[in-house]
Amino acid sequence: MSIIKLIDLPELSDSRGGLVAIESGLSIPFDIKRVYYIFGTCEGMVRGFHAHKALEQVAVCVSGKCRMILDNGKSREECWLDSPSKGILIENMQWREMHDFSDDCVLLVLASEHYDEGDYIRDYQVFLRECENV
Ligand code: T46
């Protein structure tokens, strides 16, 4: 089964412009407890390079694009987030990396839990060991 799970966010655009509605429990498979967004990423910068023990998230580029890599400890896949109606589900115990941010990229992230630094695994070797114990 593919690691990359894309979510088609319902587009309600009309002749006036675009509108995408995101609702917990409908297009998003968890209750949303936190929302954050990443923007103004400098050229050549990369982000992520960690996994979460429990957190689930959906990420969507509401403007611009970036390349998302997901890794479950056995295989690694990537995809472009390049549409405000294309979300990607980032499950727990998935290593994520974000690359190639466009100048206009705004990456919106919906999270299942409040911020908890203790939920992060920021060392790839530790992540691989934890995957073997799952
Ligand atoms: C993820 C990817 C997609 C907070 O204090 N509260 C928050 O809600 C967040 C997200 C971050 N922070 C602090 C933690 C760090 O001191 O902000 C700083 C930057 O966070 P970080 O280096 O983890 O950012 P990214 O872009 O590497 O990763 C973020 C999320 O942290 C992470 O959960 O999955 O975006």
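Owing to the predicted nature of the structure, the values given are computational and were not obtained by experimental measurement.

A. Examining the state of the cysteines more closely. Here the structure, examined in full by the defined rule, presents zero disulfides. With no disulfide partner, cysteine 61 has as its closest neighbouring cysteine sulfur the one in cysteine 105, 3.6 Å distant. Owing to a relative accessible area of 0%, cysteine 61 belongs among the buried residues under this scheme.

B. A look at the site of the ligand. Neighbouring residues of the ligand: 13 residues in total, closest Arg34, His52, Gln57, Arg96 and Tyr120. With respect to the ligand, the backbone of glycine 48 contributes an N or O atom lying 2.8 Å from an oxygen atom. Here an oxygen atom of the ligand sits 2.6 Å away from a polar atom, N or O, in the side chain of histidine 52. Here the ligand loses 68% of its free accessible area of 650 Å² to cover by the protein chains. Elements with a contribution of two residues or more to the shell around the ligand: β2 (34–39), β3 (47–52) and β8 (95–99). For the shell around the ligand, the element with the most residues is β3, which contributes four residues. Looking at the shell around the ligand residue by residue, the classes come out as five nonpolar, four polar and four charged.

C. Quick look at the pairing of β3. The sheet contact formed by β3 and β8 spans three bridges and is antiparallel. Counted as the bridge partner of arginine 47 is methionine 98 from β8. Looking at chain direction, β3 and strand β10 (residues 120–121) are connected through two bridges and run antiparallel. Note that in β10 the partner of alanine 51 across the bridge is isoleucine 121.

Thresholds applied
Residues numbered from 1 in each chain as written. Predicted model: local features only at pLDDT ≥ 70, side-chain atom pairs only at ≥ 80, totals over all residues. Heavy atoms only, no water. Disulfide = S-S within 2.5 Å. Buried < 20%, exposed > 50% of the residue type's maximum accessible area, 1.4 Å probe, protein only. Near = heavy atom within 4 Å. Polar contact = N/O pair within 3.5 Å; in protein donor to acceptor, adjacent residues only side chain to side chain. Areas by Shrake-Rupley, 256 points an atom, 1.4 Å probe, with all protein chains shown as cover. Helix = DSSP H or I, 4+ residues; strand = E, 2+ residues; numbered from the N terminus. Nonpolar A, V, L, I, M, F, W, Y, C, P; charged D, E, K, R; others polar. Pairing = 2+ DSSP bridges.

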